[in-house]
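Topology and contacts: notes
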Amino acid sequence: MKPESAESYYARVAAATDDDGRLPVVDGSAMTWDIFPFEAAGLRLKPLQPMADTEPPRRGEDPATCWCATPGAERPGTIWRNDRWVLRLVEPSSLPLTLFLEPVAHHDLTGLTSELAAELGQLVVSVSGALEALPSVGRAHVAKYGDGAAHLHMFLFGRPARVPQLRGSPLQDWSECLPPVPADVLHANAAYVAGRVAVDMGGETVAPTAGS
Ligand SMILES: [Zn+2]
């Protein structure tokens, strides 16, 4: 059997919608788990939109228009770097730490060289270990979406410790409504993680600055 086409996948989803074009909230799905942020009663999905002719364009799809086309440009929120990778603080953040990990040169995940892919693996392990060493973090979450920008940017999230409701992927929805972590707390967390990564991986730490 051949891999399924995009049209075939979409047709099956569309066939499951009601007269308004909405999919049902499935009982027993993650939407009824204790970690889902919303009460299922009264909740409904948006109507299914028509299929797009092509994938939407992303920022920096043409490397000449990407941020990396400006040599030496400091990435905002940089807290650690070496010649090939930059670790950045996302600020403000409602989580103890939200970080981007990006290659300096223009690559998407699937275009990494073997050497960069190997180093990415080591970095993800190092940053995750540093995040989980923070007292306010229970687990490091790691994600790659790549739907908005073509230049690889891995997300690393510090999931707050000992708040079981915040486990799993629904953390992203919770985080939209959690209060922001004060800048000085965020910077102290970031400096700790950057220092640990420098011990593991070499490179240099960069002090986070207000408004970064
Ligand atoms: Zn780029």
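Everything discussed here concerns the structure shown above.
As the structure is a prediction and not an experimental result, all values here were calculated from the model.

Cut-offs applied
Residues numbered from 1 in each chain as written. Predicted model: local features only at pLDDT ≥ 70, side-chain atom pairs only at ≥ 80, totals over all residues. Heavy atoms only, no water. Helix = DSSP H or I, 4+ residues; strand = E, 2+ residues; numbered from the N terminus. Buried < 20%, exposed > 50% of the residue type's maximum accessible area, 1.4 Å probe, protein only. Lys, Arg positive; Asp, Glu negative; His and termini not counted. Charge placed at Lys NZ, Arg CZ, Asp CG, Glu CD. Pairing = 2+ DSSP bridges. Axes fitted to C-alpha atoms, helices over the stretch in contact; angles between N-to-C directions. Parallel < 35°, antiparallel > 145°, perpendicular 65-115°, else oblique. Left-handed = near helix turned anticlockwise from the far one by under 90°. Contact = heavy atoms within 4.5 Å. Nonpolar A, V, L, I, M, F, W, Y, C, P; charged D, E, K, R; others polar. Expected span 1.5 Å × (residues − 1).

Counting its secondary structure elements, the protein contains four helices and six strands. Secondary structure of the protein in N-to-C order comes out as α-β-β-β-α-β-β-α-α-β. Counting only C-alpha atoms, the protein reaches 55 × 40 × 35 Å along its principal axes. By residue count, 38% of the 212 residues in the protein fall in the buried class. The centroid of the 17 positive side-chain charges in the protein is displaced by 3 Å from the centroid of its 26 negative side-chain charges.

Most of strand β2 (residues 85-89) is tucked away: five of the five residues are buried. Residues W85, L87 and L89 point to one face of β2 and V86 and R88 to the other, with burial holding for every one of them. Pairing of strand β1 (residues 78-81) with β2, which is carried by three bridges, proceeds in the antiparallel orientation. Bridge assignment links R81 to a residue of β2, and that residue is V86.

Our focus in this paragraph is the packing of helix α2 (residues 114-132) against helix α4 (residues 183-201). Axis angle and axis distance: for two packed helices, these are the angle between their axes and the distance between the axes, and together they describe the pair. One can describe the packing of α2 onto α4 by two numbers: an axis separation of 9 Å at closest approach and a directional angle of 140°. If you check the angle between α2 and α4, you find them oblique. When you trace α2 past α4, the crossing you get is right-handed. Each of E119, Q122, L123, S126, V127, G129, A130 and L131 in α2 lies in contact with α4, whose residues at this interface are Y192, V193, R196, V197, D200 and M201. Each residue belonging to the contact of α2 with α4 can be placed in one class, and the counts come to eight nonpolar, three polar and three charged.

With 19 residues, α2 extends 27 Å from end C-alpha to end C-alpha; this agrees with the ideal 27 Å at 1.5 Å per step. If you check which residues of α2 are buried, you get L116, E119, L120, L123, V124, S126, V127, S128, A130 and L131. Among the structural elements, β1, β2, β3 (98-103), β4 (137-143), β5 (154-160) and α4 are those in contact with the buried residues of α2.

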